[in-house]
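An overview of the molecular structure
The residues making up each chain are set out below.
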Amino acid sequence: MSVSKDELLHIAKLSNLKLNDNEIDKYLKNLEDILNYTEVIENAPINDCEETIGANDNANAFRSDTVSEFDNRDGIFEIAPSIEKDMFKIPKVIQ
């Protein structure tokens, strides 16, 4: 499948990618390779394949949710970048 330069630039704009002129040919080739590979996968013969939900019978192994007391409070505060009122002080992350 071929992709035009205009289509590639439109996709790059939607993806917020800034491509320079040297990269356009490289990206065109890579995108065409990806699209060609999806065609190969789409046309793969699957008529004689059995449906598979999972490869094995393993299930999630959950650990018990228990509360435990942390014993080295002073040690963890020693490596903290900043402390205020016995709590970690971090930079504001919401504006």
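Please refer to the structure higher up on the page.
Below is a short write-up of the structure. (Residues numbered from 1 in each chain as written. Predicted model: local features only at pLDDT ≥ 70, side-chain atom pairs only at ≥ 80, totals over all residues. Heavy atoms only, no water.)

1. Observations regarding the packing of helix H1 (residues 5-14) against helix H2 (residues 21-42)
Inclusion rule: With axes taken as lines fitted to C-alpha atoms, and helix axes fitted only over the stretch in contact, angles between N-to-C directions fall between 0 and 180 degrees. Numbered from the N terminus, helices here are DSSP runs of H or I no shorter than four residues, and strands are runs of E no shorter than two. The scheme is simple: roughly parallel for angles under 35 degrees, roughly antiparallel for over 145, roughly perpendicular for 65 to 115, oblique for anything else. Note on contacts: a residue pair is in contact if any heavy atoms of the two residues lie within 4.5 Å. For this classification, Asp, Glu, Lys and Arg are treated as charged, while Ala, Val, Leu, Ile, Met, Phe, Trp, Tyr, Cys and Pro are nonpolar and the rest, including Gly, are polar.
In contact at an axis separation of 10 Å, H1 and H2 are set at 90° when each is read in the N-to-C sense. Judged on the interaxial angle alone, H2 and H1 are roughly perpendicular. Here Lys-5, Leu-8, Leu-9 and Ile-11 of H1 lie close against H2, whose contacting residues are Ile-24, Tyr-27, Leu-28 and Leu-31. Here the contact of H1 with H2 is built from residues that sort into seven nonpolar, no polar and one charged.

2. A short note on a nonpolar patch on the surface
Going by this rule: Note that patches include only residues with greater than 30% relative accessible area and no salt bridge, and the join distances are 9 Å for like charges and 5 Å for nonpolar side chains (Val, Leu, Ile, Met, Phe, Trp, Tyr). To measure how exposed things are, a 1.4 Å probe is used in the Shrake-Rupley method; for residues, cover is taken only from the protein chains shown. For salt bridges, the criterion is a side-chain nitrogen of Lys or Arg within 4 Å of an Asp or Glu carboxyl oxygen. Accessibility here uses a 1.4 Å probe with only protein chains present; expressed as a share of the type maximum, an area under 20% marks a residue as buried, one over 50% as exposed, and anything in between as partly exposed.
A cluster of nonpolar residues, Tyr-37, Val-40 and Ile-41, forms a patch on the protein surface that exposes about 330 Å² of accessible area. Along the chain, Tyr-37 falls in helix H2. Residue Tyr-37 is classed as exposed on the basis of its relative accessible area, which comes to 53%.

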